[in-house]
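Results of the structural survey
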Amino acid sequence: MIRTLPLLVTLLMAPLLTAQGPSASWRTVNTKHFRLHFPAEYQEWSMRAATRLESIHAEVAREVGFDPPQVIDVVISNPIADANGAAWPLLDSPRILFYTEPPGPDEQLGAYGHWIDLLAVHEVAHVVHMLRPSRNPLNRLVEKSILPLNPITLRAPRWVLEGYATVIEGRLTGAGRPTSTMRALILREWARNGRLPSYGQLNSDQRFLGMSMAYLMGSAYLEWLEARSGPGALRNVWARLTARQQRSFDAAFTGVFGESPARLYGRFVAELTAASIAIDRPNELQEGELWQETTRGSGDPAVSPDGKLIAVVQRPREKPERLVIWSTEGATEEEKKFEERLAKILQRDPQDVAPVRTRPLPRKVRHSLTMRDGGDIDTPRWTRDGRSLLFAHRAPDREGFLHFDLYRWTPETDRVERLTHLADVRDADPYPDGRSAIAVRSRYGASQLVRVDLESGAIAEINEPSIDLVYNHPRVSPDGTRIAYVVHQEGSWRVVWASSPPGAVPEGGLQAHTTPRNDASSAEWISNDELVATFAGAGFAELHRVRADGTTTPLTRSAGGAFDPAPSPDGRIFFMSLDPDGYVVRILPSAAPAPSARPAYEAALVPAIPPPAPRVQPFAQQPVNAPHNYGIGRQELGWFVSQNLGPAQRATELGVRFGDVVGRLDTLVIGSLASDDAHEGFAIASAWRGWPVELLGHAFHAEESGLTREGVEVRGLWTSRGALRNVRLEAGGLAGQPRDLLFAEGAVTTRQIRTSWSASQSLRLAVDGGDETHWRAVAGAAFRMGGWRLGARYQHDDGGRIDVGGLPSSIVPRSALATRVFDPALPPRMLRGNRYDGWRIEALTPFLPLTAFYQRHEMHRDELSVAGLELELGSEPLPILKFPGVDFTAGVARLLDLDETRWWLGIRWRP
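Residues numbered from 1 in each chain as written. Predicted model: local features only at pLDDT ≥ 70, side-chain atom pairs only at ≥ 80, totals over all residues. Heavy atoms only, no water.

Over its 17 residues, helix H8 (residues 213-229) extends 23 Å from the first C-alpha to the last, a length consistent with the 24 Å expected when each residue adds 1.5 Å. Taking burial as the measure, the 17 residues of H8 include 14 buried ones, the bulk of the element. At the exit of H8 stands Gly230, carrying a positive phi of roughly 110 degrees. (Helix = DSSP H or I, 4+ residues; strand = E, 2+ residues; numbered from the N terminus. Expected span 1.5 Å × (residues − 1). Buried < 20%, exposed > 50% of the residue type's maximum accessible area, 1.4 Å probe, protein only.)

See the structure below:
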């Protein structure tokens, strides 16, 4: 049975628990330790995973030193079009999420043998590591009855949990982050600049790539510790953490390694810094000139066909992504304005000192684009006439799941056109005729090359979709007769050349040949016969010139790597390089060879260079049964409890949930024990989400101040979630006491998102009718800038007997209280009448986690004002955690007209 997990933690982690909608055509396949659930379209990907998961489980258990007997539910989907996964090591019901989108070659996860294997090893390592039960009797009682999490999960810091799973991913796959160029390059560059995280920053650091350090720095530190103390040292830490003797993580760690984790971390940082400084000296580098500083994950540069403009995607931390266009000429105008400002400063104060210039001036932005929904902008490419740019952007379907589509932006007119609709295509490059483009389609975990008609949006396949090959960065040669792309196969990324007749899909597939060099990315044409591409290896990522015969010539020897080359027609090559504050734009004046090759470095410099990759055997394939229809899923039992406390209301609610891991059928049985004016009684509420329209039923019996409410509600719900607009339509009926009624409700929310601010508007209309007709209109608006939020809402009710005050109840459906205006600061029915007007103004600041509000209630001649502080949180059902939907409110308020102070705590459960 599920124990009630900490409410606030659950609500905060809810965004990580997204899976495909329950109305999809789900299938299930079972193995000894796993139940895999997946939509039918993902069957090929899922079955490959299923045939290897048992051998992965066995290898992980051997490495961790513990073999848990639990069966793990695995949910497979691709809801955000991004490479990811998650693990929830609940001792009674462990869960894993697999997102099928494969990562590209220049990502932190880009070094893998097969994406399925890497993802599975990392997430299974999490679960196996954290399923070891405590040997302390009191802890075991808590694990079985209240909180099903073991001491490792509860006490080990995030860098340990993520770092250890990363160590295992490297050891068992022979790839992954531990032996990758990206980990070594990032750690080395941060160390050279004195920017490695402190021990206190390892878990969470808001600087660029700070959240990744739990994986990168954490895994490197754990490897260093184990190298000092022996191969069983980490297992000893886990044994001490789960021992009968209660210990903190620091105590368990110190008992194995002799000193505290913070103290040894300082020594590790010192050794890593010394090794990093020893590797490269400035006079040995050829990394061009710093052309423009950008921040964080900025990149994807593209030079216009005439070489006069360059487009770059800027990705700041707290603002929407922005595609900017700069001139590639010298910053003459910017320099002139700077000199004029400096001259005025020195003229006013001749004793002032002019600043030392080490960085280029910010360049004037000629044009910029921020998507209306504030979303991402991916891989922009100029059309051959130089007037427009193609780019990819993720847009949601009706259920809110994201898909890559192609868009075209014309800077001179600022016109943005959507070219495809939910096509899952990205990384497009136009053909010379301007009518079509080559692109990558990634759908259901399979990758392929496609041709996109830029007028109709029609998609034509160039090759077959594959879950074993991953295609990336296709580019058309200047004359249109060849294409080049990067493909991942059998553990490496290679550049492929292929002939491509203009305007047609090659018959019989691609006639291609592959360069022998591994670990390639971002191949770009510099002529009809030569490419420039990034090649990574041994901890370094450099630009190389690539010829048709496969020979390569290094062009850079850089400290921060050389990524995303953008050749210019005049021979210059723009590219991105890594800096502790983010990627920056650098420029090579020509494609001249780098002066010298790098020497071979000693193993003592690890992790400033990658350690040798361990030699591993492929995971054994095991036969599995054919998948079967998911149906209503495996119904699981769980329980929850909550307390509602408010003016003249006291209620304790205890409930049982029956439901499946995908969330098709959710049923709550709830009882309420109450005093004062709270609802006492019981209810059975159920939701069926196996169809596009949700069906909800609610049978209840409740007593409230001598009034009996009972009956059955049936409700249909349809929602459409968009990037800028959400629509919700409901209709149904209630048969019961004290009245029967029919009801309908519609709500729409719209949003506008700009570079530094966003705004939203909402409108909700509801009507219910039985003996009397009651209708309600609610209009709201909100403005947000950074951590500041200001909102206002107006509500009008007319008809029926309208009551103001009180907390909602889990056992009474909304339709039975359709004429109730809830306000938790007021007792139920504090105001009564048949016409109501209410105003609310609220503000949220970055300095205060609570919302400050002013609420005004008016009913006929009665008026009441309330001001206070409130915390509101809400979550849709989280079936993967066996958790129902919940609304949480807590706060304190002053009744201004009555000079009284009230506080409240309320929780309402929903199926």
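So much for the structure itself; the text now carries on.
Looking now at the nonpolar core. Judged by nonpolar contacts, the single largest core of 116 residues is most densely connected at Leu36, Trp45, Val60, Phe98, Met217, Tyr221 and Val495. In terms of residues, this core owes the most to one element, helix H3 (residues 115-129), which gives 10 residues. The contact partners of Tyr221, leaving out residues within four places of it in the chain, are Trp159, Phe253, Pro261, Leu264, Tyr265 and Phe268. Among the nonpolar cores identified, the runner-up in size contains 33 residues, and Leu97, Phe640, Leu817 and Phe883 belong to it. (Core = buried A, V, L, I, M, F, W, Y, C linked by side-chain atoms within 4.5 Å. Contact = heavy atoms within 4.5 Å.)

Our focus in this paragraph is the pairing of strand S44 (residues 848-859). Remark: a regular strand shows side chains that alternate across the two faces of the sheet. Here strand S43 (residues 831-845) pairs with S44 via eight bridges, running antiparallel. Pairing of Ala843 across the sheet is with Ala852, part of S44. Pairing between S44 and strand S45 (residues 862-875): nine bridges, direction antiparallel. What sits directly across from Phe853, in S45, is Gly868. Between S44 and S45, which pair antiparallel one after the other, the connecting turn spans two residues, and His860 there sits at a positive phi close to 55 degrees. (Pairing = 2+ DSSP bridges.)

With that settled, consider the sheet that holds strand S28 (residues 573-579). One open sheet accounts for four strands, arranged S6-S29-S28-S27; its pairing is antiparallel. At either end of the open sheet lies a strand with only one pairing partner, and these are strand S6 (289-292) and strand S27 (563-567). When strand polarity is set aside, the average angle formed by the axes of neighbouring strands in this sheet is 40 degrees. In the sheet, S6 pairs with strand S29 (residues 582-588) via three bridges, with the strands oriented antiparallel. If you follow Glu289 over to S29, its bridge partner there is Ile587. (Axes fitted to C-alpha atoms, helices over the stretch in contact; angles between N-to-C directions.)

Before going further, it helps to spend a moment on the pattern of salt bridges. Working definition: two side chains of opposite charge can pair if their charged atoms are close together. Under the criterion given, the structure shown has 66 salt bridges. Across the pair Arg62 and Glu59 runs a salt bridge, and its minimum N-O distance is 2.7 Å. Of the two residues, Arg62 and Glu59 both sit in helix H2 (residues 43-64), three residues apart, roughly one turn of that helix. Under the relative-accessibility criterion, Arg62 is labelled partly exposed at 49%. The salt bridge partner of Arg715 is Glu730, with a shortest N-O separation of 2.7 Å. Note that Arg715 is positioned in strand S36 (residues 707-721) and Glu730 in strand S37 (residues 725-737), a separation of 15 residues in sequence. Summarising the burial analysis for this pair, Arg715 and Glu730 share the class buried. Linked through salt bridges whose partners overlap, the residues forming this network are Glu713, Arg715, Arg728, Glu730, Glu745, Arg764 and Arg814. (Salt bridge = Lys/Arg side-chain N within 4 Å of Asp/Glu carboxyl O.)

Judged by how many residues are buried, strand S5 (residues 95-99) sits mostly within the fold: five of five residues are covered. The alternating pattern of S5 places Arg95, Leu97 and Tyr99 on one face and Ile96 and Phe98 on the opposite face, and all of these are buried. With antiparallel pairing between neighbouring strands as the criterion, strand S4 (residues 84-88) and S5 make up a hairpin whose turn holds six residues.

Attention now moves to the sheet that holds strand S8 (residues 309-314). Spatial strand order, S7-S8-S9-S10: four strands in an open sheet with antiparallel pairing. Since the sheet does not close on itself, it has two edges, and those belong to strand S7 (299-303) and strand S10 (367-369), each with one partner. Going from strand to strand, the sheet's axes swing by 20 degrees on average, the running direction of each strand aside. Bridge count between strand S9 (residues 322-327) and S10: three bridges; the pairing is antiparallel. Note that in S10 the partner of Val324 across the bridge is Ser368.

Relative to the elements of secondary structure, His393 occurs in strand S12 (residues 389-396). A distance of 2.9 Å separates the side chain of His393 from the side chain of Asp373, its partner in a polar contact. Polar side-chain contacts of His393 include one of 2.6 Å to the backbone oxygen of Asp376. Ignoring any residue separated from it by four or fewer positions in sequence, one finds His393 in contact with Met371, Asp373, Gly375, Asp376, His403, Phe404, Asp405 and Tyr407. (Polar contact = N/O pair within 3.5 Å; in protein donor to acceptor, adjacent residues only side chain to side chain.)

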